[in-house]
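Spelled out from the first residue to the last, the chains are:
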Amino acid sequence: MNEQEILAKVPTGLFIGGGWRESADAARLDVEDPATGAVLTTVASATPQDGRRALDAAVAAQAGWAATAPRARAELLRTAFELLTARAEEFALLMTLEMGKPLAQARGEVAYGAEFLRWFSEEAVRVGGRWATSPDGATRLLTMRQPVGPVLMITPWNFPLAMGTRKIGPAVAAGCTMVVKPASQTPLTMLALAGLFAEAGLPPGVLNVVPTARTAAVMAPLVGDSRLRKLTFTGSTPIGKHLVRQSADQLLRVSMELGGNAPFVVFADADLDAAVEGAMLAKMRNMGEACTAANRFLVQEPVVEEFVARFAARMAAERVGRGTRDGVTVGPLIDATQREKVAQLVADAVAGGADVVTGGSALGGAGYFYEPTVLAGVRPEAALMREEIFGPVAPVTAFADEDEALRLANDTEYGLAAYVFTRDLGRTVRVSEALEFGMVGVNQGIVSNPAAPFGGVKQSGFGREGGPEGIDEYLSVKYVGIAP
Ligand code: NAP
């Protein structure tokens, strides 16, 4: 399917109660191609009334869905996994169009995103409880795990598919119904996914999708609605904090997957080929627009020059352009604001004494492109060492020993992912234990894996997605005491 065909086919309504509708005031929201700045299409933009209708549908479907046999929920997820895999090319192209990532990476996201549906299809039939005798022998303790209830899911633009399936998969498996609000910049992939779930046989009301340009006005009443039981959010730390405060009135169950500031630590004993390969993956996946993106490269003094030279050569060889073009490895940033932020962070580092080894500029013309950039001699106090860069920029700082590496690595309010390259087993253990992060990649530049618990500590949030832990976020434990 080509671009026009895919855009002609994608649903652009609100998906509520199993059907497609216009918004109550017929408002539409433009979806832009970040590689050109052109409007691709428009989608219905929900009003607060539409948001409420979506929650009405989720509430109405909750009891029936919770009572569905686990095997039926598992089979449904499996069917959705197979449909998504069969349509990988369509979904990949759609994602590249609305988000910008190169097609090869979009295909990677479809495979990764689909795996959550397969993984949780396998978990749906393994939700158990336990039976115990109380210590005094007087009673029996039965525990059961039940669906939390209707869930509100708010997702970001950087992984339009996977950030959704990582929540939808376990919620469907656990027996929860949901209202999903995708990022307003990338609603198309989620709308297409809703269509796919309907085709797979998901009953009306279990999954509702409401893109909107009036985000705060539509979300606040839902977060405050006493029928909602859980909020799960992936996005920036400031919005996450705002939502935690908002959800406090109802004491909602909350999961927060927030921002990161990942250190990428290379010790002198590391395999430098593997470290450079890992650096490319950890930095350049999604043009650096990933919460797990390596944000600070900390390299031990004896190898820092060689690492910088090799890494910069690889960065300079990247091909920047529209993600649909053959051979392109780096797409545009999401919008002009994001590109301006990246440019300012680089300018600030350079003013503070950093050297530009390669790149260092925004590209002219249409779209929001920025050159792959390596900066050497960056001071730890520079703004881009403290904030998420969210762009293809790699600042490198040298360190002397393990203590200094750990001090620099942990010197951040964030705690999502960290990467370490070393061949020393003792150091692997010491450093992995001492890093204050939810995920550590050792000698690998990717930590995301559907079979592993994804999530952070400190200001990167709480809750885990994926792995056997992922379904717990959608279940609550009930205990029944039985006198024999
Ligand atoms: P964002 O600005 O926080 O937006 C995320 C979502 O929240 C969007 O759907 C957005 O809607 C919505 N939102 C904005 N204001 C809201 C409000 N007042 N009430 C309710 N919802 C609101 O983040 P982003 O720029 O899209 O995404 C990038 C951030 O996500 C980065 O910080 C990144 O690290 C983080 N992230 C974290 C993970 C993780 O798993 N830890 C994964 C991916 C990304 P609109 O689009 O309509 O504004």
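From a predicted model like this one, the values you see are computed outputs, not experimental measurements.

Calculation notes
Residues numbered from 1 in each chain as written. Predicted model: local features only at pLDDT ≥ 70, side-chain atom pairs only at ≥ 80, totals over all residues. Heavy atoms only, no water. Buried < 20%, exposed > 50% of the residue type's maximum accessible area, 1.4 Å probe, protein only. Helix = DSSP H or I, 4+ residues; strand = E, 2+ residues; numbered from the N terminus. Arc of directions from axis to C-beta. Contact = heavy atoms within 4.5 Å. Polar contact = N/O pair within 3.5 Å; in protein donor to acceptor, adjacent residues only side chain to side chain. Domains from an automatic or database assignment. Buried area = accessible area lost by both parts, 1.4 Å probe. Salt bridge = Lys/Arg side-chain N within 4 Å of Asp/Glu carboxyl O. 1 Å grid on protein atoms, 1.4 Å probe; cavity = no way out; pocket = protein on both sides within 12 Å on 5 of 7 lines; lining within 4 Å. Points joined across faces, edges and corners; volume = space filled by probe spheres on them. Nonpolar A, V, L, I, M, F, W, Y, C, P; charged D, E, K, R; others polar.

Participant: Pulling in residues and values, what's your account of helix α8 (residues 215-223)?
Facilitator: Residues spaced three or four apart along an α-helix point in a common direction, a consequence of the helix completing one turn every 3.6 residues. If you check which residues of α8 are buried, you get Val-218, Met-219, Leu-222 and Val-223. Within α8, the buried residues cover an arc of 125° as seen down the axis, which keeps them to one side. As for α8, its buried residues are in contact with α2 (48-66), β7 (151-154), β8 (178-181) and α9 (237-248).

Participant: Any chance you could break down the environment of Thr-237 for me, citing the residues and the numbers?
Facilitator: One can find Thr-237 in helix α9. Between the C-alpha atom of Thr-237 and that of Glu-257, which follows or precedes it by 20 residues, the distance is 8.4 Å. If we ignore the near neighbours within four places in the chain, the residues touching Thr-237 are Leu-258, Gly-259, Tyr-414 and Gln-459. Within polar-contact distance, the side chain of Thr-237 engages the backbone oxygen of Gln-459 at 3.0 Å.

Participant: Summarise the domain arrangement of the protein; cite the residues concerned and give the values.
Facilitator: When the parts of a complex come together, some accessible area is lost, and that lost area is often taken as the interface size. Partitioning the protein into domains gives domain 1 (3-258 + 461-482) and domain 2 (262-449). Each of domain 1 and domain 2 has a C-alpha centre, and these two points are 31 Å apart. The partner domain 2 presents 28 residues to the 25 residues of domain 1 that form the contact. Counting the surface lost from both domain 1 and domain 2, the interface buries some 2100 Å², and carbon and sulfur atoms represent 56% of this. Looking only at domain 1, the three residues that lose the most surface to domain 2 are Pro-34, Ala-35 and Trp-157, adding up to 22% of its buried area. One can count two salt bridges joining domain 1 with domain 2. Linking Arg-322 and Glu-3 is a salt bridge whose minimum nitrogen-to-oxygen distance equals 3.0 Å. Secondary-structure elements contributing two or more residues to the side of domain 1 that touches domain 2 are α4 (88-99) and α5 (103-123). Broken down by element, the side of domain 1 that touches domain 2 gets its largest block of residues, five residues, from α4.

Participant: Requested: an account of the layout of surface pockets, with residues and values cited.
Facilitator: Here the largest pocket is characterised by a volume of approximately 930 Å³. Lining the largest pocket we find 41 residues, and of these Trp-157, Phe-233, Gly-235, Ser-236 and Ile-239 sit closest to its centre. Of all elements in the fold, only α8, β10 (230-234), α9 and α12 (336-351) reach the threshold of two or more residues within the lining of the largest pocket. Sort the elements by how many residues they give to the lining of the largest pocket and α9 lands first, with seven residues. Of the residues in the lining of the largest pocket, the class split is 18 nonpolar, 15 polar and eight charged. For the lining of the largest pocket, the domains that each give at least three residues are domain 1 (3-258 + 461-482) and domain 2 (262-449). By volume, the second largest pocket amounts to about 380 Å³. If you trace the second largest pocket, you find 19 residues lining it, with Gln-105, Leu-281, Arg-285, Asn-286 and Ile-446 closest to the centre. Residue assignment for the lining of the second largest pocket shows that the elements contributing at least two residues are α5 and α10 (272-284). Shared between two domains, the lining of the second largest pocket takes at least three residues from each, and those domains are domain 1 (3-258 + 461-482) and domain 2 (262-449).

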